Protein chains: 2
Amino acid sequence: MIGKQELIDAYNRISPYIHKTPVFTSQTLNYITGAQLYFKCENFQKMGAFKMRGAMNAVLQLTDEEKERGVVTHSSGNFAQALSLSCKHLGIKSFIIMPSDSPQVKKDAVRGYGGIIIECKPTLAAREETAMKIIEEKHAVLIHPFDSENVIAGQGSACMELLEEQPDIEMIVVPVGGGGLISGSALAAKYFGTNCKTIGAEPFEADDAFRSLQSGMIEMNVSTNTIADGLKTQLSRNTFSIIYKNVERIIRLTEREIAEAMITIWERMKIIIEPSGAIAYAAIKRERNYFKGKKTGVILSGGNFDLMKLTEVMKLMNHDK
Amino acid sequence: MIGKQELIDAYNRISPYIHKTPVFTSQTLNYITGAQLYFKCENFQKMGAFKMRGAMNAVLQLTDEEKERGVVTHSSGNFAQALSLSCKHLGIKSFIIMPSDSPQVKKDAVRGYGGIIIECKPTLAAREETAMKIIEEKHAVLIHPFDSENVIAGQGSACMELLEEQPDIEMIVVPVGGGGLISGSALAAKYFGTNCKTIGAEPFEADDAFRSLQSGMIEMNVSTNTIADGLKTQLSRNTFSIIYKNVERIIRLTEREIAEAMITIWERMKIIIEPSGAIAYAAIKRERNYFKGKKTGVILSGGNFDLMKLTEVMKLMNHDK
């Protein structure tokens, strides 16, 4: 159980190691949506995404004996980098299981932070099997990228910082992949907000959270053909349970809407965010009436984008649907 | 003559109308250069560039009778937008003379801010002739994009803000186009810095300032074949005279260096800046030994970049030279 005190402890524990990211506003985007938006810029977080918060909180709670053994995780993306960098800070070995089709730029980043990459086939089964092997062989401690309570508590600190600056925010909109960020955010909104609702945003192409909230049980993604590569992941037991109790609703977005949101934020706010980071803004634009006049927090979750892929995203803006 | 008091007055006059832009740091970029860098993010300024400061300072000093007549300027880029927006704030008519080959995105932006565009041939002679015509026909007041003392004083406020936050900066590096920004910055460094030197950065492809400082008189650009489109302009009488007295040196950069600097800042700092905005960082990287260990201010002058052109910039990174 993650209570108020766990969130406070996580926040204090990781503060010396992470950036307190700025909160941006944009008159143009307020005008477009009719809401008052407060963008929490986790694209400026260390290694370029909020994941640093959860990884750091997990690693800092290892015992000395566990630190000696090292840690292992499976992630194709930002959590891989976050865990490597967290471990580097503390001189701990990190084994990172990455699908063989992970972008080279992400592999390079993990290696740059000192992570030891173990490649596997790009399926959930292969990931988990490889993780088991490493746990047995190296006696490394598994840190799950989002199901871990320590990770979830760490991710909540972004929303805590936002509420510290803007305590009367009425809504907070958060991308949903595996659900670690939105779980932490929803708990932070509950414990530290003033009647602040948490809303999720996910691609139609990976809408497991939307369908899980409808059916009341964890539903599987049918396809994951989305540019929001951080949101392809499936909810886990812990994140589903927190989301089910604490999230007001999930808004689904087309690929075109995600692409447009990303480009609008690049052009208007002059900051680089990845497609997964843009989806919360896309949700507010889609459901304009729902957010109208509301003081709304938007978590810009990360900025790790391969610039070679910009043309691809811009092409999606002209897609129908 | 622009003295200390003129700068203070300009700063106070424009403050209600402009953003106090943030100062960013980057451990990675400090590591690459060996210097301590403080990036003044004018890409986050209103309309996306520092030009708003100078335009606003000029427009706010018009008499009521002049406001009635409206203003005219010639600019292919950011100053056109800045003057339109400044005039919009105060309900003044603005005539903007733009070369016929200006990017559509810049024309659209000027129109969006209410500027009235008059197209002319893309030569300095045609610009000045068209300006004269508008002054005669419409009785509009000419505001020169950089030779105007009011504009120069306004541009100085970016450096004043930077020195307010970091008073012991030893060097400040500034892009040089027409010279308005570096003139204002050099005066601010002289009046408000503690022994702070001003250094200019310009493309080899438009190195009029470098050669002008060498010869002691205004030299013409031979070619202006540079991606740093904000820096194609020629020094003017006022800016040359201020730069000659107050700027320590000018560093010239290749197109490849400018492109690399821009992409590094996008990727590492997660912010969008235009090529002209990247050149100051490129200069520090090129002359590493000169800046080593120095607390150095970097003016990121603007962020108005046509995303369609990213591929073009990335291609330049692989050029020899």
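Data block above holds the structure.
Definitions and limits used
Residues numbered from 1 in each chain as written. Chains lettered and ligands numbered in written order. Predicted model: local features only at pLDDT ≥ 70, side-chain atom pairs only at ≥ 80, totals over all residues. Heavy atoms only, no water. Salt bridge = Lys/Arg side-chain N within 4 Å of Asp/Glu carboxyl O. Helix = DSSP H or I, 4+ residues; strand = E, 2+ residues; numbered from the N terminus. Buried < 20%, exposed > 50% of the residue type's maximum accessible area, 1.4 Å probe, protein only. Pairing = 2+ DSSP bridges. Contact = heavy atoms within 4.5 Å. Axes fitted to C-alpha atoms, helices over the stretch in contact; angles between N-to-C directions. Least-squares fit on C-alpha atoms with pLDDT ≥ 70 in both. Expected span 1.5 Å × (residues − 1). Core = buried A, V, L, I, M, F, W, Y, C linked by side-chain atoms within 4.5 Å. Disulfide = S-S within 2.5 Å. Parallel < 35°, antiparallel > 145°, perpendicular 65-115°, else oblique. Left-handed = near helix turned anticlockwise from the far one by under 90°. Nonpolar A, V, L, I, M, F, W, Y, C, P; charged D, E, K, R; others polar. Polar contact = N/O pair within 3.5 Å; in protein donor to acceptor, adjacent residues only side chain to side chain. Arc of directions from axis to C-beta.

**As for the pattern of salt bridges**
- Per the stated rule, a full pass over the model turns up 26 salt bridges over all chains.
- The residue Asp207(A) makes a salt bridge to Arg252(A) at a minimum N-O spacing of 2.8 Å. Taken together, the positions of Asp207(A) in the loop between strand 8 (197-203) and helix 10 (208-215) and Arg252(A) in strand 9 (residues 249-253) put the pair 45 residues apart, joining distant regions of the chain.
- Between Arg249(B) and Glu287(B) there is a salt bridge, with its nearest N and O atoms 3.7 Å apart. Here Glu287(B) lies in the loop between helix 13 (275-286) and helix 14 (288-291) and Arg249(B) lies in strand 9 (residues 249-253), a separation of 38 residues in the sequence.
- Here Glu287(B) falls in the partly exposed class, since its relative accessible area comes to 25%.
- Each of Lys40(A), Glu42(A), Arg53(A) and Glu161(A) takes part in salt bridges that share partners, so that together they form one network.

**Comments concerning the sheet that holds strand 5 (residues 116-120) of chain A**
Residue and element names in this part refer to chain A.
- Pairing in this open sheet of 4 strands is parallel, and the strands run 5-4-3-6 from one edge to the other. Looking at which strands have only one partner, the edges of the open sheet turn out to be strand 5 and strand 6 (141-142).
- By the bridge criterion, 2 bridges tie strand 3 (residues 71-74) to strand 6 in an arrangement that is parallel. Note that in strand 6 the partner of Val72 across the bridge is Leu142.
- On the sheet, helix 5 (residues 78-90) packs against strand 3 and strand 4 (94-99) and is oriented at approximately 170° with respect to strand 4.
- Packing against the sheet, helix 6 (residues 104-112) makes contact with strand 4 and strand 5, and its axis sits at approximately 175° to strand 4.

**A short note on the relation of the copies chain B and chain A**
- The transformation that overlays chain B on chain A combines an axial shift of 0.1 Å with a rotation of 180°, and the residual RMSD is 0.0 Å. The relationship between the two copies is best expressed as a two-fold rotation axis. Proximity to the rotation axis, assessed at the C-alpha, singles out Ile271(B) in chain B; its C-alpha lies 2.1 Å from the axis.
- Looking at chain B, 95% of its interface residues are interface residues in chain A too, so the copies touch through the same face.

**Description of helix 5 of chain A**
Residues and elements named next belong to chain A.
- Between its first and last C-alpha atoms helix 5 spans 19 Å; for 13 residues at 1.5 Å apiece the expected length is 18 Å, and the two agree.
- Of all 13 residues in helix 5, 10 are buried; the element is thus mostly enclosed.
- Restricting attention to buried positions, one finds in helix 5 the residues Asn78, Phe79, Ala80, Gln81, Ala82, Leu83, Ser84, Leu85, Ser86 and Cys87.
- Buried positions along helix 5 lie against helix 3 (51-59), strand 3, strand 4, helix 6 and helix 8 (149-165).
- In the segment just after helix 5, Gly91 is the residue with positive phi, at about 65°.

**A word on the nonpolar core**
- Phe39(A), Trp266(A), Ile271(A), Phe39(B), Trp266(B) and Ile271(B) are the most contacted members of the largest nonpolar core, which totals 86 residues.
- Once you skip the residues sitting within four places of it in the chain, Ile271(A) turns out to touch Phe24(A), Cys41(A), Asn43(A), Phe44(A), Ile265(A), Trp266(A), Leu300(A), Phe44(B), Lys270(B), Ile271(B) and Ile272(B).

**Here's the deal with the state of the cysteines**
- Applying the stated criterion across every chain, the model contains 0 disulfides over all chains.
- Not engaged in a disulfide, the cysteine Cys159(A) finds its nearest cysteine sulfur in Cys196(A); these two sulfurs lie 6.0 Å apart.

**Things to note about the packing of helix 8 of chain A against helix 9 (residues 180-192) of chain A**
Residue and element names in this part refer to chain A.
- Helix 9 packs onto helix 8 with a crossing angle of 50° between their chain directions and a minimal axis gap of 7 Å. One way to sum up the angle between helix 8 and helix 9 is to call them oblique. Crossing hand, helix 8 versus helix 9: right-handed. For the pair helix 8 and helix 9, contact is made by Ile152, Gln155, Gly156, Cys159, Met160 and Leu163 and by Gly180, Leu181, Ser183, Gly184, Ser185, Ala188, Ala189 and Phe192, respectively.
- Partitioning the contact of helix 8 with helix 9 into residue classes produces 8 nonpolar, 6 polar and no charged.

**A word on the environment of Arg69(B)**
Residue and element names in this part refer to chain B.
- Topologically, Arg69 is positioned in helix 4 (residues 64-69).
- Since its relative accessible area comes to 30%, Arg69 is described here as partly exposed.
- Placed 24 residues apart in sequence, Arg69 and Lys93 show a C-alpha to C-alpha distance of 7.5 Å.
- Discounting chain neighbours no more than four positions away, the residues touching Arg69 are Phe95, Lys138, His139, Ala140 and Val141.
- At a separation of 3.2 Å, a polar atom in the side chain of Arg69 contacts the side chain of Glu65.

**A short note on helix 7 (residues 124-138) of chain B**
All names here are of chain B.
- A rise of 1.5 Å per residue sets the reference length of helix 7, with its 15 residues, at 21 Å; its end C-alpha atoms lie 21 Å apart and thus fit the reference within 8%.
- Here helix 7 has its buried residues at Ala126, Arg127, Thr130, Ala131 and Ile134. The buried side chains of helix 7 occupy one side of the element, clustering within an arc of 135° when seen end-on. Exposed and facing more than 90 degrees away from the buried side of helix 7 are Ala125, Glu129 and Glu136.

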